Amino acid sequence: MQMSDTVLKASLSQEERSAIAEIEATTNILQLVTRLTGTRFAGIAKFTETEWIVCSAYDPIELGINVGDTLDLETTLCSEFRRNPQALFLPQISKDGRLSSRPVVKQYSIESYAGAPVFLPDGRLWGALCALDSRAVLFDNPDLAETLTLFARLIGCIFFSNLTVEGASHIQTGSCFAD
């Protein structure tokens, strides 16, 4: 099966669509992520057990990754967060023997990747904030990992507060950003 056959439109729940709509600053966050990383694409993706689902995308270079697109999670670079939930930076994927063969890398001609896992305040891995580009990008800002992690934490808190009544109490008490 060709990779293009695995891209499907996923339906996000009404609650998830509402949460995305309420994050008026999502596009601004994604634009800021591209500026901070030097990449030309940024997105937020949700994980299921087997799928990677695009929730929001800033794609001025028209890679063709759109809201609602679904990929097999294990074909994506974001699946690495299930193994190691730390910010990940790959300035030149073509030199990484293990990851350069991922179908998504070939399909979208990805050469560089920066990402952070998105956790909900209750500790569940929800998805990822990712930035990528078809050209090599040097990630030399020493604060970049912490900055992406903070953005991912903010995104997780916003989604959690919009998806659950319990989540709203976490936001109000400030526990989303407690150390």
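Everything numeric here is computed off the predicted structure, so don't read it as measured data.

A. Local environment of the overall build of the protein chain. Within the protein chain one finds seven helices and seven strands. Starting at the N terminus and ending at the C terminus, the protein chain contains elements arranged as α-β-α-α-β-β-β-α-β-α-β-β-α-α. Residue burial in the protein chain is summarised as follows: out of 179 residues, 45% are buried. Counting only carbon and sulfur atoms, one obtains 50% of the accessible surface of the protein chain, whose full area is about 9,000 Å².

B. Representation of the packing of aromatic side chains within the structure. Counted according to the given criterion, the structure contains one aromatic pair. Each ring, one from phenylalanine 89 and one from phenylalanine 139, has its centre 5.5 Å from the other, and the planes form 55°; the classification is tilted. Taken as a pair, phenylalanine 89 in strand E5 (residues 88-90) and phenylalanine 139 in the loop between strand E7 (125-133) and helix H6 (144-163) lie far apart in primary sequence, 50 residues in all. On the basis of relative accessible area, phenylalanine 139 is assigned to the buried category, the value being 16%.

C. Structural detail: the pattern of salt bridges. Taken as a whole and judged by the stated rule, the model has eight salt bridges. Salt-bridge contacts for glutamate 80 lead to arginine 83; the nearest nitrogen and oxygen are separated by 3.6 Å. You can see glutamate 80 and its partner arginine 83 sitting in helix H4 (residues 80-83), three residues apart, about one turn around the helix. For glutamate 80, a relative accessible area of 9% gives the class buried. Through salt bridges with shared partners, one network takes in Glu74, Glu80, Arg83, Arg98 and Arg102.

D. Inspection of empty space enclosed by the protein at higher detail. Summed over the entire model, instances satisfying the criterion amount to one cavity of 30 Å³ or more. Size it by volume and the largest cavity reaches roughly 70 Å³. In terms of lining residues, the largest cavity is bounded by Trp52, Ile65, Thr76, Leu77, Cys78, Val104, Ile110, Tyr113, Cys130 and Leu132. Within the lining of the largest cavity, the residues separate by chemical class into nine nonpolar, one polar and no charged.

E. A look at the environment of isoleucine 61. Within the element layout of this structure, isoleucine 61 appears in the loop between strand E3 (51-58) and strand E4 (69-72). Expressed as a C-alpha distance, the spacing of isoleucine 61 and serine 134, which sit 73 residues apart in the sequence, is 9.4 Å.

F. Structural detail: unusual backbone geometry. Phi is positive for glutamate 62, which is not a glycine, with a value near 55°. Following the sequence through the fold, glutamate 62 ends up in the loop between E3 and E4. With relative accessibility at 70%, the residue glutamate 62 sits in the exposed group. With a phi close to 50°, serine 109 is a non-glycine residue in the positive phi region.

About the thresholds
- Residues numbered from 1 in each chain as written.
- Predicted model: local features only at pLDDT ≥ 70, side-chain atom pairs only at ≥ 80, totals over all residues.
- Heavy atoms only, no water.
- Helix = DSSP H or I, 4+ residues; strand = E, 2+ residues; numbered from the N terminus.
- Buried < 20%, exposed > 50% of the residue type's maximum accessible area, 1.4 Å probe, protein only.
- Areas by Shrake-Rupley, 256 points an atom, 1.4 Å probe, with all protein chains shown as cover.
- Phe/Tyr/Trp six-rings, centres within 6.5 Å; stacked < 30°, edge-to-face > 60°.
- Salt bridge = Lys/Arg side-chain N within 4 Å of Asp/Glu carboxyl O.
- 1 Å grid on protein atoms, 1.4 Å probe; cavity = no way out; pocket = protein on both sides within 12 Å on 5 of 7 lines; lining within 4 Å.
- Points joined across faces, edges and corners; volume = space filled by probe spheres on them.
- Nonpolar A, V, L, I, M, F, W, Y, C, P; charged D, E, K, R; others polar.

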